[in-house]
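# Report on the structure
The primary structure of each chain is shown beneath.
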Amino acid sequence: MQIRVPAIPKYAATICKNADVPHGPPDHGRLPSADDLLILLAVGRTGRYNTAADDLGINHTTISRRIAALEASLGGRVLAKSGNGWELTARGKDALAAAENIETAVRSLMGTDDEAEGVVRVSATDGFSAYVVAPAVAQVRRRHPGISVEIVATTRRASQQRSGMDVEIVVGEPQVHRAEAFKLSDYHLGLYASKDYLRDNGVPASIEDLQAHPLVYFIDSMLQVDDLDIAPGFAPSMRESVTSTNVFVHVEATRAAAGIGLLPCFMADRHADLVRLLPSAVSIRLDYWLVSRAETLRRPEVARVVDAIRTSTTEQHEALLGKR
């Protein structure tokens, strides 16, 4: 599931116009071009030439050429290849700070100093995307129509290369380098079954009784997050019923009486036809973490989206813990 509302910051038009203007040969004595610094800003925030080129409306070749010109004027590398992305060098971080000052000045000149704008890319799990991130970014859009948000719904580990995402929300504390990570909230999973299923198959009264029932959960061989590999711990004898990489499929299959689902409480508790089973015996506590580059978090549009996500998470704290 992907929600995309594309937009390009207004100041990017200036970059696009000037980036292809021929410059003289690299000169270690000349001042760095403001356009080149703003291009570095786009690459530094996304970690990818192609993504930065798309955001700025210029081509990959121009990005590469202008970064090379900036490195020539500064007398050293500003970016270093890392996996499938680019990381800022120490010199690049200094240049990025200067680029942020230029961006602030341009926004102020254009009368947008208090109005953040630009595209923010967020990756999060399916349920969290729908019930926490989506309402949060809707609030941001109402207050700041210049901000557009792409939500990529996926359940995976935090990327080591950031892979074009501005913000990643993952299950379990991530081990990342060159990025900031902070905990958003705990959340609970529990066992649920539909009223129809329980009428036809009986209500399990203990953990031992579960072995007579099929389980609705993730596809074991495709599960990328170790923290979610939890079903064998409490019900090793449960046979699989319907499995999927998408938690909304888990919920709907459970509602359709496919078996007993191991579901996030904040999703299952929304449905009156689902009954929670053995809550005192099976209540699994996991946590959501937010990951982003430090330089990305300084972008006004990203800061507003992150603040909104944190607020939305706090507002839904009780639901996330299965307390309502």
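All values derive from a computational prediction rather than experimental measurement.

Under the definition given, this model contains 13 salt bridges. Arg285 is the partner of Asp186 in a salt bridge, and the nearest nitrogen-oxygen pair spans 3.0 Å. Residue Asp186 is found in strand E7 (residues 180-194), and its partner Arg285 is found in strand E12 (residues 284-292); the two are separated by 99 residues along the sequence. When salt bridges that share partners are traced, they join Asp166, Arg299 and Glu301 into one network.

Between its terminal C-alpha atoms helix H4 (residues 60-74) stretches 21 Å, which fits the 21 Å expected from 15 residues at 1.5 Å a residue. Residues of H4 that are buried: Thr62, Ile63, Arg66, Ile67, Ala69, Leu70, Glu71, Ala72 and Ser73. Immediately downstream of H4, the backbone of Gly75 shows phi near 75 degrees, a positive value.

With that settled, the discussion passes to the nonpolar core. Within the largest apolar cluster, 61 residues are counted, with the highest numbers of intra-cluster contacts made by Ile169 and Leu262. Ranked by residue count, the leading element in this core is E7, at 7 residues. Beyond its immediate sequence surroundings of up to four residues, Leu262 is in contact with Leu189, Gly190, Leu191, Leu215, Val216, Tyr217, Ile230, Ala231, Phe234 and Ile284. Core analysis: the second largest hydrophobic core is formed by 22 residues, Leu37, Leu41, Ile67 and Ala95 among them.

Moving on, we get to unusual backbone geometry. Backbone geometry places Ala257, a non-glycine residue, at a positive phi of 70 degrees. Among the secondary structure elements, Ala257 is positioned in the loop between helix H9 (247-255) and strand E10 (260-264). By relative accessible area, Ala257 is classed as partly exposed at 32%.

With that out of the way, let us pick up the environment of Ala272. Tracing the backbone through its elements, the reader meets Ala272 in the loop between helix H10 (265-268) and strand E11 (274-277). The class of Ala272 is exposed, set by a relative accessible area of 66%. A C-alpha to C-alpha distance of 9.2 Å links Ala272 and Lys195, two positions 77 residues apart in sequence.

Two faces, one strand: in a regular strand the side chains alternate between the faces of the sheet. Burial runs high along E10: 5 of the 5 residues are buried. Pairing geometry for strand E8 (residues 214-217) and E10, over 2 bridges, is parallel. Bridge pairing links Val216 to Gly261 in E10.

Residue position: Leu290 is located in strand E12. Of the residues examined, Leu290 reaches a relative accessible area of 0% and is grouped as buried. In sequence terms Leu290 and Pro174 are 116 residues apart; their C-alpha atoms lie 8.9 Å from each other. Dropping the residues within four chain positions of it, Leu290 is found in contact with Val167, Glu168, Ile169, Glu180, Ala181, Phe182, Leu184 and Val306.

Here the focus is the packing of aromatic side chains. All chains considered together, the criterion is met by 8 aromatic pairs. Taken together, a centroid distance of 4.4 Å and an interplanar angle of 50 degrees make the contact between Phe128 and Tyr288 tilted. Taken together, the positions of Phe128 in helix H6 (residues 126-143) and Tyr288 in strand E12 put the pair 160 residues apart, joining distant regions of the chain. The interplanar angle of 90 degrees and the centroid separation of 6.3 Å between the aromatic rings of Tyr131 and Phe266 together place this pair among those described as edge-to-face.

Across its 16 residues, helix H12 (residues 300-315) extends 23 Å between first and last C-alpha, which sits within 8% of the 22 Å expected from 1.5 Å per residue. If you check which residues of H12 are buried, you get Glu301, Val302, Val305, Val306, Ala308, Ile309, Ser312 and Thr313. Projected down its long axis, H12 shows its buried positions confined to an angular sector of 160 degrees, all on one face. Those residues of H12 that are exposed and aimed more than 90 degrees away from the buried face are Thr314 and Glu315.

How each quantity is defined
- Residues numbered from 1 in each chain as written.
- Predicted model: local features only at pLDDT ≥ 70, side-chain atom pairs only at ≥ 80, totals over all residues.
- Heavy atoms only, no water.
- Salt bridge = Lys/Arg side-chain N within 4 Å of Asp/Glu carboxyl O.
- Helix = DSSP H or I, 4+ residues; strand = E, 2+ residues; numbered from the N terminus.
- Expected span 1.5 Å × (residues − 1).
- Buried < 20%, exposed > 50% of the residue type's maximum accessible area, 1.4 Å probe, protein only.
- Core = buried A, V, L, I, M, F, W, Y, C linked by side-chain atoms within 4.5 Å.
- Contact = heavy atoms within 4.5 Å.
- Pairing = 2+ DSSP bridges.
- Phe/Tyr/Trp six-rings, centres within 6.5 Å; stacked < 30°, edge-to-face > 60°.
- Arc of directions from axis to C-beta.

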